[in-house]
Amino acid sequence: MTLAETSLLEEPFCRSQPTETPVRAPAPPVRERGGARDVVVPLPADFRLASGEKLNQSSIVGRVHGRAGAPVVVVAGGISAGRFVHRTETNGLGWWSGAVSVRGPIDLSRFQVLSFDFAPGSEPEPGVPAAPVTITTQDQARLLALLLDHQKVQRVAAFVGCSYGGMVALAFAELFPDRADQLIVVSAAHRAHPQATAWRGIQRRILQFAVAAGRPEEGVALARELAMTTYRTAEEFDDRFDSAAPAAAGDNYPICDYLTARGQAYRTHTTPARWLSMSDSIDRHSVTPEAISTPVTLIGFTSDRLVPIDDMRELAARLPTLWRFVEAPSLYGHDAFLKEDAFVGDILRTAFKDIKA
């Protein structure tokens, strides 16, 4: 893969909030034999979001993987990711097992990895209405700080954030300049691009329309279909799908069958209220790069339409302590951090090579 490297060392939505049918009470946190374990931290009674709102949950849930006592690395992904970052006995492969594994780029024999579920939760607690909340990436950073305090971790060896997780990493470094030795930010910038906000705004309106029609799961599925078209590239779709017309108008084209399957697979993965909250949080994201004193490694992809490479170049130019900025082409667009395992893994290994166990 050809890449260019630069060294510079010297998803607002309509505020009418539809009523939703409350979902079932949350299941108890998963407990697993072996090294990985959940960490459940009660929220202080007076904890409020920057908006002044209260969360629809009483705790924040993290998950600790890897060797006890080792340097701590925080790993956070996109809004559909969660605390299951590594393969487990109970939850399949995990969302980033290509990077987080024993002897992998983020080596669980060398590090202790902390991942966490972004707020708000998918399933509100009994008696709490399922309504969107206005939550910022700074709010997520404050919740992470509560997890770290509970674990008695004053400073982490690294914060690796991809997509929305990269936004949270930048917000964390801005709020808590002394709590991370370095950031590795992948496919995230200091702001949301207006075109990406436009796409997410359409997804939010689809969800609101579906909820008003009494068909929330179908709204989630359809919004996910639209989102999938923004995560990947036109070149990938051209390679994967032929354009043969179906027998009759209204029938699905091959690519439509794929998108429908992806939407159906996701329709119970989250609730409209949580999607509205998280999608709006992306578009509300804003940090001041000049205020970030933590050393930063940036990874961007030139085919990413959600986080255009020009925004990452601007972030790189404005960061006072940029360690490294690597940009590369990819067939996979915004999803490249999930697909380009070898490329991203090499950069992670380089960033972690001097961390002493």
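Residues numbered from 1 in each chain as written. Predicted model: local features only at pLDDT ≥ 70, side-chain atom pairs only at ≥ 80, totals over all residues. Heavy atoms only, no water.

Attention shifts here to the packing of helix α1 (residues 137-150) against helix α2 (residues 164-175). Where α1 meets α2, the closest approach of the two axes is 8 Å, and the angle between their N-to-C directions is 75°. The orientation of α1 relative to α2 falls into the category roughly perpendicular. For the pair formed by α1 and α2, the contact residues are T137, Q138, Q140, A141, R142, L144, A145 and L148 on the first element and Y164, M167, V168, A171, F172, E174 and L175 on the second. Here the contact of α1 with α2 is composed, by residue class, of ten nonpolar, three polar and two charged. (Axes fitted to C-alpha atoms, helices over the stretch in contact; angles between N-to-C directions. Helix = DSSP H or I, 4+ residues; strand = E, 2+ residues; numbered from the N terminus. Parallel < 35°, antiparallel > 145°, perpendicular 65-115°, else oblique. Contact = heavy atoms within 4.5 Å. Nonpolar A, V, L, I, M, F, W, Y, C, P; charged D, E, K, R; others polar.)

A separate point is the packing of aromatic side chains. Within this structure, the stated rule accounts for eleven aromatic pairs. Relative to Y258, the ring of F241 has its centre 5.2 Å away and its plane inclined at 45°; by these criteria the two rings are tilted. With F241 in the loop between α5 (234-240) and α6 (254-266) and Y258 in helix α6, this residue pair connects regions lying 17 residues apart in the sequence. Given a relative accessible area of 15%, Y258 falls into the buried group. The cationic tip of R240 hangs over the ring face of Y258; the distance from NZ or CZ to the ring centre is 4.6 Å. Between the NZ or CZ atom of K339 and the centre of the ring of Y332, over which it lies, the distance is 5.3 Å. (Phe/Tyr/Trp six-rings, centres within 6.5 Å; stacked < 30°, edge-to-face > 60°. Buried < 20%, exposed > 50% of the residue type's maximum accessible area, 1.4 Å probe, protein only. Lys NZ or Arg CZ within 6 Å of the ring centre and 35° of its normal.)

Turning next to the nonpolar core. Within the largest apolar cluster, 69 residues are counted, with the highest numbers of intra-cluster contacts made by L55, F159, L183 and L298. Considering each element in turn, this core owes the most residues, eight residues, to α2. For L183, the residues in contact, after removing those within four places along its chain, are F159, A169, L170, A173, T294, P295, V296 and T297. (Core = buried A, V, L, I, M, F, W, Y, C linked by side-chain atoms within 4.5 Å.)

Once that is clear, we can look at unusual backbone geometry. Excluding glycine, residues mostly have negative phi values, and the peptide bonds linking residues are mostly trans. Along the chain, A119 connects to P120 via a cis peptide bond; the corresponding omega equals 0°. Note on placement: P120 falls in the loop between β7 (112-116) and α1. Residue K152 is not a glycine yet carries a positive backbone phi of 60°. Here K152 is to be found in the loop between α1 and β8 (158-162). Overall, K152 belongs to the exposed group, its relative accessible area being 76%.

Glancing now at helix α10 (residues 341-352). Its twelve residues give α10 an end-to-end C-alpha distance of 16 Å, which sits within 8% of 16 Å, the value for a rise of 1.5 Å per residue. Listed in full, the buried residues belonging to α10 are F343, V344, G345, I347, L348, A351 and F352. (Expected span 1.5 Å × (residues − 1).)

In this section: the side chain of H65. If you trace the backbone, H65 turns up in strand β3 (residues 59-66). By relative accessible area, which is 1% here, H65 ends up buried. Only 3.3 Å separates the side chain of H65 from the side chain of S115, close enough to count as a polar contact. With residues near it in sequence (within four places) discarded, H65 still touches A36, R83, V85, H86, L108, F111, Q112, V113 and S115. (Polar contact = N/O pair within 3.5 Å; in protein donor to acceptor, adjacent residues only side chain to side chain.)

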